[in-house]
Amino acid sequence: MKKVLLILTAVFVLFSYNTLAQHDHKHGEHKHDHDHGHNHELKWHTNLEDAQAEAAKTGKPLFVAFEGSDWCGYCIKLHKEILSKGDFIEYAAHNLVLVNIDFPRRKKLPAKQQTYNNDLAKKYKIQGYPTVVLMDKKGKEINRTGYLPNSTPKDYVKHLKDLLAKK
């Protein structure tokens, strides 16, 4: 009986932690700091206007990621292989204002956020996921990119720098 109780308690604790982590990820701004050795936490906006205000204040360009976080294979790979790694985190923390416009299928966004995201996807004519729209500090589109197969975080940062240089 004690073993069963111990197992049930362990399952409950793990489930609670997982639910809490998902809750933190989907409400408002969320932070990424998955690469050990780097102390920067990345601030991801979920509202483009708020991000544009920060970009105007800081002079940094916007990195606007349109994605399906819980179903799009390349979106998941982009986060796992690039956006959560030290080279990207280091670059983004000092050089970009990050925006996440998500279109999940398994988790449900609040209706207001879903409508907002849909309107942005329509405005920017998003055809597939992930689509990263790079914008200047005023919100004018500079270039677009997405997931780059077989690239390292260092390669991706160089790619972003090249795209941003084409203002």
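Remember, it's a predicted structure, so these values are computed and weren't measured experimentally.

Chemist: Can you walk me through the confidence of the model for the protein in this structure?
Modeler: When pLDDT is low, close inspection of the predicted coordinates is not appropriate. The share of residues in the protein with pLDDT of 70 or more is 75%, and the mean pLDDT across the chain is 83. In this model, residues 2-38 is a region of pLDDT below 50 whose contacts with residues beyond four sequence positions or in other chains number 36 contacts.

Chemist: How should I be thinking about helix 2 (residues 48-58) in this particular structure?
Modeler: For an α-helix, the turn length of 3.6 residues means that residues three or four places apart are oriented alike. Along helix 2, the residues that are buried comprise Leu 48, Ala 51, Gln 52 and Ala 55. Around the axis of helix 2, the buried residues are gathered within 100° of arc, so they sit on the same side. Residues of helix 2 that are buried in the fold lie against strand 2 (42-45), strand 3 (62-67), strand 4 (97-102), helix 5 (111-123) and strand 5 (131-135). N-cap assignment for helix 2: the residue whose side-chain oxygen lies 3.0 Å from the backbone N of Glu 49 is Asn 47. Gly 59 occupies a position one or two residues after helix 2 and carries a positive phi of about 80°.

Chemist: Just checking my understanding: could you explain unusual backbone geometry for this structure?
Modeler: Note: most residues except glycine have negative phi, and most peptide bonds are trans. Of note, the amide linkage connecting Tyr 129 to Pro 130 takes the cis form, showing an omega dihedral of -5°. Considering the arrangement of structural elements, one finds Pro 130 in the loop between helix 5 and strand 5. The backbone of Lys 125 sits at a positive phi, close to 50°, despite the residue not being glycine. Examined against the element boundaries, Lys 125 turns out to sit in the loop between helix 5 and strand 5. Judged by its relative accessible area of 60%, Lys 125 is exposed. At Asn 150, a residue that is not glycine, the phi angle is positive and equals roughly 60°. Mapped onto the elements of the fold, Asn 150 is located in the loop between strand 6 (141-145) and helix 6 (153-165).

Chemist: Looking at this model, I keep getting lost on the packing of aromatic side chains. Mind explaining?
Modeler: Describing an aromatic ring pair means giving the distance of the ring centres and the angle of the ring planes. The final tally for this structure, using the stated rule, is six aromatic pairs. Note on Tyr 74 and Tyr 147: the rings are 5.2 Å apart at their centroids and 25° apart in plane angle, and the pair reads as stacked. Of the two residues, Tyr 74 is situated in helix 3 (residues 73-83) and Tyr 147 in the loop between strand 6 and helix 6; the sequence distance between them amounts to 73 residues. A relative accessible area of 13% places Tyr 147 in the buried class. Ring geometry for Phe 103 versus Tyr 129: centroids 5.3 Å apart, planes at 40°, classification tilted. One end of the pair, Phe 103, is in the loop between strand 4 and helix 5; the other, Tyr 129, is in the loop between helix 5 and strand 5, with 26 residues separating them in the sequence. Note on Phe 103: relative accessible area 9%, which makes it buried. Ring pairs connect the aromatic residues Trp 44, Phe 63 and Phe 88, which therefore count as one cluster.

Chemist: Just to check I follow, could you spell out the nonpolar core for this structure?
Modeler: Note that soluble globular proteins tend to have their nonpolar side chains buried in a common cluster. Counting residues in hydrophobic clusters, the biggest one holds 22 residues, and the most contacted among them are Phe 63, Phe 88, Leu 96, Leu 98, Tyr 156 and Leu 160. If you list the elements that add at least two residues to this core, you get strand 2, strand 3, helix 3, helix 4 (86-95), strand 5 and helix 6. Here this core gets five residues from one element, more than from any other, and that element is helix 6. In contact with Phe 63, not counting residues within four places along its chain, are Trp 44, Leu 83, Phe 88, Leu 96, Val 97, Leu 98, Val 99, Val 132, Val 133, Leu 134, Tyr 156 and Leu 160. In terms of nonpolar packing, the next biggest core, distinct from the first, is built from 17 residues, Ala 51, Leu 62, Val 99 and Tyr 124 among them.

Chemist: It is not clear to me how the pattern of salt bridges should be interpreted in this structure. Could you clarify?
Modeler: Side chains bearing opposite charge may pair, as long as their charged atoms lie close to each other. Taken as a whole and judged by the stated rule, the model has five salt bridges. Glu 54 is the partner of Lys 43 in a salt bridge, and the nearest nitrogen-oxygen pair spans 3.4 Å. Here the residue Lys 43 occupies a position in strand 2, and Glu 54 occupies one in helix 2, the gap between them amounting to eleven residues. Owing to a relative accessible area of 36%, Lys 43 belongs among the partly exposed residues under this scheme. The shortest N-O distance in the salt bridge between Lys 77 and Glu 81 comes to 3.2 Å. Separated by four residues within a single helix, Lys 77 and Glu 81 lie in helix 3, roughly one turn from each other. A residue is classified by how much of its surface remains accessible, and Lys 77, at 33% relative accessible area, is partly exposed.

How each quantity is defined
Residues numbered from 1 in each chain as written. Predicted model: local features only at pLDDT ≥ 70, side-chain atom pairs only at ≥ 80, totals over all residues. Heavy atoms only, no water. pLDDT = per-residue confidence, 0-100. Contact = heavy atoms within 4.5 Å. Buried < 20%, exposed > 50% of the residue type's maximum accessible area, 1.4 Å probe, protein only. Helix = DSSP H or I, 4+ residues; strand = E, 2+ residues; numbered from the N terminus. Arc of directions from axis to C-beta. Polar contact = N/O pair within 3.5 Å; in protein donor to acceptor, adjacent residues only side chain to side chain. Phe/Tyr/Trp six-rings, centres within 6.5 Å; stacked < 30°, edge-to-face > 60°. Core = buried A, V, L, I, M, F, W, Y, C linked by side-chain atoms within 4.5 Å. Salt bridge = Lys/Arg side-chain N within 4 Å of Asp/Glu carboxyl O.

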